[in-house]
Amino acid sequence: MLFAPASNPDVLAKLPRSGPDAVVIDLEDAVPADGKVAARQHAREVGEALATELPTLAVCVRVNAVSSDWFADDVRDALGPWLAGVVVPKLDTRADVETVALALERAGVGDVAVIAGIETVAGVARVDEVLQPPVRMAYFGAEDFIADIGGVRTEDGTEVLYARSRVAVAARLAGVLAIDQIVPGFSDDDRFLADARAGRAIGYRGKMCIHPAQVPLANQVFSPSEEEQDWARRLLAAYKQAELEGEGAIVFEGQMVDEPMARRARALLGTGG
Amino acid sequence: MLFAPASNPDVLAKLPRSGPDAVVIDLEDAVPADGKVAARQHAREVGEALATELPTLAVCVRVNAVSSDWFADDVRDALGPWLAGVVVPKLDTRADVETVALALERAGVGDVAVIAGIETVAGVARVDEVLQPPVRMAYFGAEDFIADIGGVRTEDGTEVLYARSRVAVAARLAGVLAIDQIVPGFSDDDRFLADARAGRAIGYRGKMCIHPAQVPLANQVFSPSEEEQDWARRLLAAYKQAELEGEGAIVFEGQMVDEPMARRARALLGTGG
Amino acid sequence: MLFAPASNPDVLAKLPRSGPDAVVIDLEDAVPADGKVAARQHAREVGEALATELPTLAVCVRVNAVSSDWFADDVRDALGPWLAGVVVPKLDTRADVETVALALERAGVGDVAVIAGIETVAGVARVDEVLQPPVRMAYFGAEDFIADIGGVRTEDGTEVLYARSRVAVAARLAGVLAIDQIVPGFSDDDRFLADARAGRAIGYRGKMCIHPAQVPLANQVFSPSEEEQDWARRLLAAYKQAELEGEGAIVFEGQMVDEPMARRARALLGTGG
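Conventions and cut-offs
Residues numbered from 1 in each chain as written. Chains lettered and ligands numbered in written order. Predicted model: local features only at pLDDT ≥ 70, side-chain atom pairs only at ≥ 80, totals over all residues. Heavy atoms only, no water. Contact = heavy atoms within 4.5 Å. Buried area = accessible area lost by both parts, 1.4 Å probe. Salt bridge = Lys/Arg side-chain N within 4 Å of Asp/Glu carboxyl O. Polar contact = N/O pair within 3.5 Å; in protein donor to acceptor, adjacent residues only side chain to side chain. Helix = DSSP H or I, 4+ residues; strand = E, 2+ residues; numbered from the N terminus. Nonpolar A, V, L, I, M, F, W, Y, C, P; charged D, E, K, R; others polar. Pairing = 2+ DSSP bridges. Axes fitted to C-alpha atoms, helices over the stretch in contact; angles between N-to-C directions. Least-squares fit on C-alpha atoms with pLDDT ≥ 70 in both. Buried < 20%, exposed > 50% of the residue type's maximum accessible area, 1.4 Å probe, protein only. Arc of directions from axis to C-beta. Domains from an automatic or database assignment. Phe/Tyr/Trp six-rings, centres within 6.5 Å; stacked < 30°, edge-to-face > 60°. Lys NZ or Arg CZ within 6 Å of the ring centre and 35° of its normal. Right-handed = clockwise from strand over helix to strand, strands pointing away. Disulfide = S-S within 2.5 Å.

Caption draft 1: Geometry of the interface of chain A and chain B. Every contact between the two is made by 29 residues of chain A and, on the other side, 31 residues of chain B. Roughly 2,600 Å² of surface becomes buried between chain A and chain B when both sides are summed, with 64% attributable to carbon and sulfur atoms. One can count 3 salt bridges joining chain A with chain B. Arg264(A) is paired through a salt bridge with Glu143(B); the nearest N and O atoms lie 2.7 Å apart. Where chain A packs against chain B, one counts 5 residue pairs in polar contact (both at pLDDT 80 or more).

Caption draft 2: Expanded view of the interface of chain A and chain C. Every contact between the two is made by 33 residues of chain A and, on the other side, 29 residues of chain C. Among the residues of chain A in contact with chain C, Asp29(A), Ile149(A) and Tyr162(A) are the three that bury the most area, contributing 24% of the side total. Counting across the chain A and chain C interface gives 3 salt bridges. Close ionic contact of Arg172(C) with Asp148(A) constitutes a salt bridge, the shortest N to O distance being 2.7 Å. Where chain A packs against chain C, one counts 5 residue pairs in polar contact (both at pLDDT 80 or more). Mapped by element, the contributors of at least two residues to the side of chain A that touches chain C are helix 5 (121-125), helix 7 (142-149) and helix 8 (161-174) of chain A. If you tally residues by element for the side of chain A that touches chain C, the top one is helix 7 of chain A, at 7 residues. When grouped by side-chain class, the residues that make up the side of chain A that touches chain C number 17 nonpolar, 8 polar and 8 charged.

Caption draft 3: Highlighting the sheet that holds strand 3 (residues 58-62) of chain A. All names here are of chain A. Read from one edge to the other, the open sheet built from 8 strands follows the order 1-2-3-4-5-6-7-8, with strand pairing classed as parallel. The open sheet is flanked by strand 1 (2-5) and strand 8 (206-207), the only strands paired with a single partner. As judged from the 4 bridges shared by strand 4 (residues 85-88) and strand 5 (residues 113-118), these two strands associate in the parallel manner. Within strand 5, the residue paired with Val88 across the bridge is Ala116.

Caption draft 4: Quick peek at the sheet that holds strand 1 (residues 2-5) of chain B. Residue and element names in this part refer to chain B. Read from one edge to the other, the open sheet built from 8 strands follows the order 1-2-3-4-5-6-7-8, with strand pairing classed as parallel. One side of each edge strand has no neighbouring strand; the edge strands of this open sheet are strand 1 and strand 8 (206-207). Here strand 6 (residues 135-140) pairs with strand 7 (residues 177-180) via 3 bridges, running parallel. Bridge pairing links Ala138 to Ala178 in strand 7. Across the sheet, helix 8 (residues 161-174) lies against strand 5 (113-118), strand 6, strand 7 and strand 8, angled at about 170 degrees from strand 6, the strand it touches most.

Caption draft 5: Layout of the relation of the copies chain A and chain C. At an RMSD of 0.0 Å, chain A and chain C line up after a rotation of 120 degrees and a shift of 0.0 Å along the axis. The relationship between the two copies is best expressed as a three-fold rotation axis. Closest approach to the rotation axis among the C-alpha atoms of chain A is made by Tyr162(A), whose C-alpha sits 3.5 Å away. Taken as a fraction of all interface residues of chain A, those also at the interface in chain C reach only 6%, which identifies the copy contact as different-surface.

Caption draft 6: Quick look at helix 10 (residues 214-222) of chain B. Residue and element names in this part refer to chain B. Those residues of helix 10 that fall on the buried side of the exposure criterion are Gln214, Val215, Leu217, Ala218, Val221 and Phe222. Along helix 10, the residues classed as buried sweep out an arc of 160 degrees about the axis, all on the same side. Where helix 10 is buried, its residues touch strand 1, helix 9 (189-202) and strand 8.

Caption draft 7: Structural view of the domain arrangement of chain A. You can read the domains of chain A as domain 1 (2-222) and domain 2 (226-269). Summarising the inter-unit geometry, the C-alpha centres of domain 1 of chain A and domain 2 of chain A are found 36 Å apart.

Caption draft 8: Up close: the packing of aromatic side chains. One pass over the full model with this rule turns up 9 aromatic pairs over all chains. A centroid spacing of 5.8 Å and a plane angle of 55 degrees characterise the contact between Phe140(C) and Phe145(C), whose relative ring orientation is tilted. Pairwise contacts between aromatic rings join Tyr162(A), Tyr162(B) and Tyr162(C) into one cluster. We note Lys36(A) situated over the ring of Trp70(A); from NZ or CZ to the ring centre the distance is 4.3 Å. The ring of Phe192(A) has Lys207(A) lying over it, and the distance from NZ or CZ to the ring centre is 5.7 Å.

Caption draft 9: Layout of unusual backbone geometry. For the peptide bond that leads from Pro133(A) to Pro134(A), omega is 10 degrees, which places it in the cis range. Phi is positive for Lys90(B), which is not a glycine, with a value near 55 degrees. The topology assignment puts Lys90(B) in the loop between strand 4 (85-88) and helix 4 (94-106).

Caption draft 10: Expanded view of the pairing of strand 3 of chain A. Residues and elements named next belong to chain A. Here strand 3 lies mainly inside the structure; 4 of its 5 residues are buried. Here strand 2 (residues 22-26) pairs with strand 3 via 5 bridges, running parallel. Along strand 3, the bridge assignment pairs Ala22 with Ala58. Crossover connection from strand 2 via helix 2 (residues 36-53) to parallel strand 3: handedness right-handed. As paired elements, strand 3 and strand 4 share 3 bridges and run parallel to each other. Along strand 4, the bridge assignment pairs Arg62 with Val87. As a crossover connection, the stretch from strand 3 through helix 3 (residues 71-78) into strand 4 is right-handed.

Caption draft 11: A look at the state of the cysteines. Per the counting criterion, the structure on display carries 0 disulfides over all chains. This cysteine, Cys60(A), is not joined by any disulfide, and Cys209(A) carries the nearest cysteine sulfur, 13 Å off.

Caption draft 12: Expanded view of the pairing of strand 6 (residues 135-140) of chain C. Here 5 bridges tie strand 5 (residues 113-118) of chain C to strand 6 of chain C, and the two strands are oriented parallel to one another. In the strand pairing of strand 6 of chain C, Ile115(C) is matched with Met137(C).

Pasting the structure below:
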């Protein structure tokens, strides 16, 4: 899920090049106050063009927070029926979500998917009530969360493990797809890969990218590798053989394998879990 | 707490050899669908025999999940008054626990201890309502939890720290004894020891073992070492001396020691906390 | 926040020397049962003297837990209008907080700030209900928490990450200032610094110290360094320049910088968040 500021239409038009599953035209943090009006027009024009040209690409817009002065105009002027989803940052309460649902309905885009930004202390604390319909996806915003709590971002990310894990659990419980935090240093591939692997281990299904160079790295981590697929196929073959012989647990490459591990192998191959 | 598949009566009979505190005859993951009927009979026969021969050994049976087709027959055919506890996997809600209590009562084993498996996202999210009577113990199932959330198990286990910690806190609050996650790689002693030490640090009181070789390792970690006992005795002697001299806090081997540390030392020696 | 036993008036009088923001005269863990009466008198006398001499120093008293036999006498005999705050350990429930509020009011110090000790499993599990007015600050007590849950303290502190993070989140949500856990080994500066940095990263605003040597280390970690301030000034200058040029996101020293990062930089300089 690749983000770019709506203030720069040339950059927006090039977003699909790095191969993201979704692009987000951002009206929030990356657009200064006096650029919001022009940015809405860019969002609408480039968004519609991208969505028309590339029907398999999910084209989304991130509006400003519900509590901001810009939210109402964002919804009125930047969205349209071409949208795959609307990203709403800093959702803190159930009431915020209801405000969003009503505003979208009034703007004639009431059936668009809402992607909730969980990135404040309040949002994390009340994540179970926020992740309800029409929310269909959610991201965890580590930078904003740590700014809100007054903490410090570190390389290993221990300071957000609690919040990042809690959001993943709440998302799974609500049947909402969870997208992992950004990595601001876009030229440090190793750090991005490590952060993405950690997010995937916790249960996230994708990654927010703030630079096209991060997209292939995210796709690499969140798609099963050849090696993982081979392992899964070998394990399932051995497990099936054991079942035919009346055994439900086997030793496979030094590990005790039973139904939960077989389930993970099937999930990895996309053959049901 | 040593697990073995109920499908293999020879293995079951040898379970006590490695010195576990409890054995669990497993009807769930490790037994294939077409082996459940025979497995129930093995569970009942070997379970009763073990319980009769070894009155200090806690003999338990793990039934299939409440939502499965096998649960009702497991309860009817595999349990008996010789049981120390019935292990119920994948408990998700208070309603699940009530279903279990009712089924046990109808089967005439209503006063057996229930050992709850917390190993789904729903179970972790609702752990406070699940860990109520008749639940007297609980285990955290990392493999199933990560399969459910769609994550990946890693060596350091960071991806389950939130869930594993939350279950330990809920267990202590409910007065329920907490048993820690399995380690699938049963020939990697160092990994088992590190994982067991981490579990003990978090507040777990024992470990699920899936191979007899893991039992002495678990016993080693969850029993206080000679070194720890010596440390606790020295600390308490110094602390008592200080109290006689009217001091409540002392410097002991470079650390400031007061009542909480003394309490931990007493707990370690089993002389009250 | 520097703690010292109320049993030793000479030590108490020297507390301000190391430069703490607050001193806590401790009637709880560090004072043995038969020293409580004398300790209350020391607390009152030295406390009042310190508060009078040093009006910018926050002078506090830690009473014994609400459930103890000493609490009522502590409140009656050790407090006074000179107090900046009363530290109450082991708060477990909303009812405990109400008992404290009532007792303080009856003792004529009803408007003093309450500093809540969250250091039991119950306190952590119910932290949201405990951190309500008149609670204005809170500390997380790792030693007591781990003693209560039956765990083990380790050097990296992974075993308390869940509880320590949860308390920081609850504190921020309640508008309560969070003070981080002690480090018992007072001669290990590196460990103290690492522990303090981890606490600050999570969102804590200060540190409990149990030895004067820890105070300058805590002040060093919890005050922004020259380096951090320089970074924040450079970042904000570049960000302002970008805004003038109509851009809301910039590349600054290899990182994508937008509003959340600018907010963290402003917070670091104390110029509003």
